[in-house]
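Chains, contacts and geometry: an overview
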There are 2 protein chains.
Amino acid sequence: MSDQKAASAKSEIFEITDTDGEARTGKLHLKHGVVNTPIFMPVGTVGSVKSLTPEDLLAFGSEIILGNTYHLYLRPGMEVIKKFGGLHNFIQWKKPILTDSGGFQIFSLGKLNKITEDGAHFQSHLDGSKLSLTPELAVEIQETLGSDIHMVLDECTPYPATREQAESSMMRSMRWAERCRKARKKLDLFQFGIVQGGVYPDLRQKSAKALINIGFDGYAIGGLSVGESKSEMTNMTEAAIQVLPKDKPRYLMGVGTPLDIVEGIYRGVDMFDCVMPTRNGRNGSLFTSTGRVNIKNNKYKLDDSPLDPECSCYTCRTFSKGYLRHLFAAGEVTSMRLNTIHNLAYYLNLIHSIRKAITERSLAQLLAHHRGLWDS
Amino acid sequence: MSDQKAASAKSEIFEITDTDGEARTGKLHLKHGVVNTPIFMPVGTVGSVKSLTPEDLLAFGSEIILGNTYHLYLRPGMEVIKKFGGLHNFIQWKKPILTDSGGFQIFSLGKLNKITEDGAHFQSHLDGSKLSLTPELAVEIQETLGSDIHMVLDECTPYPATREQAESSMMRSMRWAERCRKARKKLDLFQFGIVQGGVYPDLRQKSAKALINIGFDGYAIGGLSVGESKSEMTNMTEAAIQVLPKDKPRYLMGVGTPLDIVEGIYRGVDMFDCVMPTRNGRNGSLFTSTGRVNIKNNKYKLDDSPLDPECSCYTCRTFSKGYLRHLFAAGEVTSMRLNTIHNLAYYLNLIHSIRKAITERSLAQLLAHHRGLWDS
């Protein structure tokens, strides 16, 4: 597609504003506002982006956050969410929210008892209570949460999986996707399908085509970042994108490192979420314009320079590496917040620099820079 | 002293601006700015008020915070503090800081090996290393920290203690106080003596007189909130204040509940610090204009009202009790911050209402209100 064609491509949810090769900038028109793409979504697992408040998220320019259906279904539960008229009002975040369907957490956190054609039967990781999640219930919960974008329930294909296992699992996810689409009731809330198929490119494309036949508002690439190699991740992303419609948003779920994000956008991905900036931040592993900083390192003890001189977040504007090291070493709660603020600001600044590079047709150079920075 | 005389009383550090009975409003003129009194000082034990940043502290009107010499001496250590030119610059808090001398923590946290006339010999609670703290070193550390007000090293008299034990311990503290006064080098940083004497009013007055003879910039009442009854605390406060000079600031250390603070100010105390608002906040116990709220209580599950409608802190302006309950129940880090913000805002709002009542000569009524509120 030429740049001109790309720029004119527009659908109800998505508008492409510029392109550079496969990469594109655009706008998602969602119930709670417009989100610029490419975008990274901070993860607010159980009703908060850990250690932060909505005010913090706005301060470094967050446009959309992610919530976890599995966690929110268990706690606070739907009775509370209904009483508060949805997740936005409960957590006091006024901008868009995307929720996952809960499938991934059932497989990774809950005790999975059985998967049937009907749905996933599992025990809560909190109290062991026996629960089931069907495609229809996953949609109902997410529509109750009121997320601007919700995801279909899918089966998380284990890694490694044989081709037969991956295909059988993918085909079930496609049947569930169709049930999710039928269960959708609120037309002002968008629904994304999820491409599965393990590490098999043809299965990925078969999955993408099946989803396109059903017809979704956007398409996610799921089941990655589960142990496969970087080249497998890249190949699966490319295989899916070859088939996915250009005029719909593409979301690479659970990915990833800063380099993964540049690589993904270079290949045509529009949306990302990952716990890496938040979780690594709490663990003292920080992303900067000169690479990773392990803030607990003793070499920062007397360092009165900012963590990242190129970053304008509250943490970098205010504090020294020496102080951040001290807070982390002393186990101070404030350390988690300051580190999380910086790491998320780094990710969102990265996204801004990528958008700018797309506009200037220089994404290849930016990608080369990040390959050098993070592979070294 | 009449109101007129009180209002004209002024010393280098302290200026009384109004009185209501024994209570007074005033101003502390410190190196890093003016502090209005009465004042409550949030506790920043080891270089942060736990879960907060300086920006947070300013948002709800903190004028001065407290640091712990024992903790800061162990971590980050004086090499770091010297490199950063003092605690203010290290933690990026530009307003005044008061530091305690470390005595209390040696007795409560460290493994106390021996007290000699020279000082306290103890092992670090962190790594067991053997350390000594003498009166001279306590002053040197605090002058290196650069705290606007520092405290003399004192021996924390155990509770209960016989009269003989209390007197012997107090007399040693008085000898240490004199050594601290002699060790003081930086005249722009103020030094407070600490009244000891257990629960024996005459020993308290003997201690106060000994300190006055040495001559300090202000006087603290120490060794309380260690297990004695409320009436013992009140009696010791009254005994000391009968003797302490009216024109110097009075500081009731480690106290206390909101009611303790109103009671203390009513008796002529000017300054307070306590971990209660911060520690209780992290544990979900919140102070409000209608009494205590245990936010983990299930009855708040569906409660969409603010924690305290009379409070204008970020937490109360933004969130519901239902959301605060959820964050606490889910163990979210954000819960600690939102609860701490509210509890400290409550304490500082309380201080504001007390200052206003003093100006309006209505502190007795405010005290009656709080006795009814907190004793019920």
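Keep in mind that what you see is a predicted model, and the values were worked out from it rather than measured.

Observations regarding the relation of the copies chain B and chain A
The transformation that overlays chain B on chain A combines an axial shift of 0.0 Å with a rotation of 180°, and the residual RMSD is 0.0 Å. Taken together, the rotation and translation relating the two chain copies correspond to the operation of a two-fold axis. Of every C-alpha in chain B, the one belonging to V333 of chain B sits nearest the axis of rotation, 3.9 Å from it. Residue by residue, 100% of the interface of chain B is reproduced at the interface of chain A, so both copies engage with the same surface.

Let's talk about helix α16 (residues 363-375) of chain A
Residues separated by three or four positions in an α-helix point in the same direction, a consequence of the helix having 3.6 residues per turn. For α16 of chain A, built from 13 residues, the straight-helix expectation of 18 Å at 1.5 Å per residue is met to within 8% by its first-to-last C-alpha distance of 18 Å. Of the surrounding elements, those touching the buried residues of α16 of chain A are β1 (14-20), β2 (23-30), α11 (258-266) and α15 (333-359) of chain A.

Some points on the environment of S285 of chain B
Residue and element names in this part refer to chain B. Mapped onto the elements, S285 comes out in strand β16 (residues 285-288). For the pair S285 and K296, spaced 11 residues apart in sequence, the C-alpha to C-alpha distance is 8.4 Å. Among residues more than four places away in sequence, those in contact with S285 are N280, R292 and N294.

Some thoughts on the sheet that holds strand β8 (residues 111-115) of chain A
Residue and element names in this part refer to chain A. Strand order in the open sheet formed by 3 strands is β8-β9-β10, and the pairing between neighbours is antiparallel. Two strands bound the open sheet, and with one partner strand each, they are β8 and β10 (130-133). When strand polarity is set aside, the average angle formed by the axes of neighbouring strands in this sheet is 25°. Pairing of strand β9 (residues 120-123) with β10 involves 4 bridges; the strand directions are antiparallel. Residue A120 lies in a different strand from β10, and its bridge partner there is L133.

With respect to the interface of chain B and chain A
If you look at the interface, chain B gives 33 residues, while chain A gives 33 residues. Every element with two or more residues in the side of chain B that touches chain A is listed here: α4 (78-83), α5 (87-91), α13 (314-318), α14 (321-329) and α15 (333-359) of chain B. Per-element accounting of the side of chain B that touches chain A gives the leading share, 5 residues, to α14 of chain B. The residue makeup of the side of chain B that touches chain A, split by class, is 16 nonpolar, 9 polar and 8 charged.

Overview of the sheet that holds strand β3 (residues 33-37) of chain B
Residue and element names in this part refer to chain B. Ordered in space as β1-β2-β3, the 3 strands form an open sheet in which the pairing is antiparallel. At either end of the open sheet lies a strand with only one pairing partner, and these are β1 (14-20) and β3. Pairwise comparison of adjacent strand axes, ignoring direction, gives a mean angle of 15° for this sheet. Inspection of the sheet shows β1 paired to strand β2 (residues 23-30) by 6 bridges, in the antiparallel sense. Paired with D20 across the strands is A23, a residue of β2. Against the sheet, α15 makes contact with β1, β2 and β3, and its axis sits at roughly 120° relative to β2, the strand it touches most.

Remarks on the pairing of strand β3 (residues 33-37) of chain A
Residues and elements named next belong to chain A. Relative to β3, β2 runs antiparallel, the two sharing 5 bridges. Residue L30 lies in a different strand from β3, and its bridge partner there is G33. Linking two consecutive strands that pair antiparallel, namely β2 and β3, is a turn of 2 residues.

Observations concerning the packing of helix α11 (residues 258-266) of chain B against helix α16 (residues 363-375) of chain B
Axes are the key here: two packed helices are described by the angle between their axes and the distance separating the axes. Residues and elements named next belong to chain B. At a minimum axis distance of 9 Å, the contact between α11 and α16 shows a crossing angle of 155°. Taken together, the axes of α11 and α16 lie roughly antiparallel to each other. For the pair α11 and α16, the sense of crossing is left-handed. Where α11 approaches α16, its residues P258, L259, V262, E263 and Y266 are matched on the opposing element by L363, L366, L367, H370, R371 and W374. A per-class count over the contact of α11 with α16 returns 8 nonpolar, 1 polar and 2 charged.

Some words on unusual backbone geometry
All names here are of chain A. A cis geometry characterises the amide bond from T37 onward to P38, with omega recorded as -5°. Topologically, P38 is positioned in the loop between β3 and β4 (39-41). Residues Y159 and P160 are joined by a peptide bond in cis, for which omega reads -5°. Take P160: it is sitting in the loop between β11 (149-151) and α8 (163-183).

Remarks on the domain arrangement of chain A
Residues and elements named next belong to chain A. We note that the domain assignment places domain 1 (31-273) and domain 2 (275-376) within chain A. Inter-centroid distance (C-alpha atoms) of domain 1 to domain 2 is 26 Å. At the interface, 24 residues of domain 1 touch 25 residues of domain 2. Looking at the side of domain 1 that touches domain 2 residue by residue, the classes come out as 15 nonpolar, 6 polar and 3 charged.

Conventions we followed
- Residues numbered from 1 in each chain as written.
- Chains lettered and ligands numbered in written order.
- Predicted model: local features only at pLDDT ≥ 70, side-chain atom pairs only at ≥ 80, totals over all residues.
- Least-squares fit on C-alpha atoms with pLDDT ≥ 70 in both.
- Contact = placed C-beta atoms within 7 Å.
- Helix = DSSP H or I, 4+ residues; strand = E, 2+ residues; numbered from the N terminus.
- Expected span 1.5 Å × (residues − 1).
- Pairing = 2+ DSSP bridges.
- Axes fitted to C-alpha atoms, helices over the stretch in contact; angles between N-to-C directions.
- Nonpolar A, V, L, I, M, F, W, Y, C, P; charged D, E, K, R; others polar.
- Parallel < 35°, antiparallel > 145°, perpendicular 65-115°, else oblique.
- Left-handed = near helix turned anticlockwise from the far one by under 90°.
- Domains from an automatic or database assignment.

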